Amino acid sequence: MLWTVTIVCLVLAGLVFRQVFRREDEQEMAGEDAGLAILEFGRAFPDEAIREVIATADGRAVFLRLHDGKAGCMHAHGHHYSCHLIEPGAVRVESAGPRRLAVKFANAAFEGGVFEFRDERETAEVSLWLLGSFMPAVAGRGAETAGRTS
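Residues numbered from 1 in each chain as written. Predicted model: local features only at pLDDT ≥ 70, side-chain atom pairs only at ≥ 80, totals over all residues. Heavy atoms only, no water.

## Regarding the overall build of the chain
Item 1. Tallying secondary structure elements over the chain gives 3 helices and 7 strands in all.
Item 2. Its helices and strands in sequence order give the chain the pattern α-β-β-β-β-β-β-β-α-α, from N to C terminus.
Item 3. When the 150 residues of the chain are sorted by exposure, 29% land in the buried category.
Item 4. Counting contacts in the chain only where the partners sit at least 6 residues apart, residues at least 24 apart contribute 40% of the total. (Helix = DSSP H or I, 4+ residues; strand = E, 2+ residues; numbered from the N terminus. Buried < 20%, exposed > 50% of the residue type's maximum accessible area, 1.4 Å probe, protein only. Contact = heavy atoms within 4.5 Å.)

Right, here's the structure in full:
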């Protein structure tokens, strides 16, 4: 009976240590993934200069602010990333909580979703980047009309 209790205690201790080290590894990998994201995005879009990078809380997605006011988004799929350059007028952003954004892409619906960030500041920053890529329809029509009358 004593051996059974000892073995159960050792197995439980092993499970606890495994969970603790797994969380630490995930947190370390989130930082490494941001560096990898910069390299991968640079390979996919070599003419785009990256100004700032913010990863989601789970590290599965990375949002990038680009030099010309555009934004980029990358999703991790295993050890690979899918890179997405966000064109003006191709994104819809809604708040899904203080640290969450619901993002829908018009030209890549499968890449959208609800993204959770580490804090409210990062959430607000990414929403501003995405809204900077937003082109209102009314302003676009007004510019076209003005161009025709000139």
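Having seen it, we continue.
## Describing the side chain of Thr-123
Item 1. Inspection of the secondary structure assignment puts Thr-123 in helix H2 (residues 120-132).
Item 2. When its relative accessible area of 5% is taken as the criterion, Thr-123 is described as buried.
Item 3. Here Asp-119 takes part through its backbone oxygen, which lies 3.0 Å from a polar atom of the side chain of Thr-123.
Item 4. Dropping the residues within four chain positions of it, Thr-123 is found in contact with Pro-98, Arg-99, Arg-100, Leu-101 and Phe-117. (Polar contact = N/O pair within 3.5 Å; in protein donor to acceptor, adjacent residues only side chain to side chain.)

## Observations concerning the sheet that holds strand E4 (residues 80-86)
Item 1. In spatial order, the strands read E1-E2-E3-E4; together these 4 strands make up an open sheet with antiparallel pairing. Each edge of the open sheet is held by one strand with a lone partner, namely strand E1 (50-55) and E4. Neighbour to neighbour, the strand axes of the sheet diverge by 20° on average, direction disregarded.
Item 2. As defined by bridge partners, strand E2 (residues 61-66) adjoins strand E3 (residues 71-77) across 5 bridges and the pair is classed as antiparallel. Within E3, the residue paired with Arg-65 across the bridge is Ala-71.
Item 3. Contacting E1, E2, E3 and E4, H2 crosses the sheet at an angle of about 130° to E1. (Pairing = 2+ DSSP bridges. Axes fitted to C-alpha atoms, helices over the stretch in contact; angles between N-to-C directions.)

## What to know about the sheet that holds strand E5 (residues 91-95)
Item 1. Ordered by their spatial adjacency, 3 strands build an open sheet running E5-E6-E7, and the pairing between neighbours is antiparallel. What marks the edges here is a single partner per strand, and that holds for E5 and strand E7 (113-116). Each adjacent strand pair in this sheet contributes to an overall mean axis angle of 25°, direction not counted.
Item 2. In this fold H2 packs onto E5 and strand E6 (100-105), with an angle of close to 20° to the strand it touches most, E6.

## Concerning the environment of Glu-87
Item 1. Its place among the elements puts Glu-87 in the loop between E4 and E5.
Item 2. With a relative accessible area of 36%, Glu-87 lands in the partly exposed category.
Item 3. As for Glu-87 and Gly-72, which are separated by 15 residues in sequence, their C-alpha atoms are 8.8 Å apart.

## Thoughts on the confidence of the model for the chain
Item 1. Taken over all residues, the pLDDT of the chain has a mean of 76, while the share at 70 or more is 77%.
Item 2. Predicted confidence for residues 135-150 stays below pLDDT 50, and this span has 2 contacts to residues more than four positions away or in other chains. (pLDDT = per-residue confidence, 0-100.)

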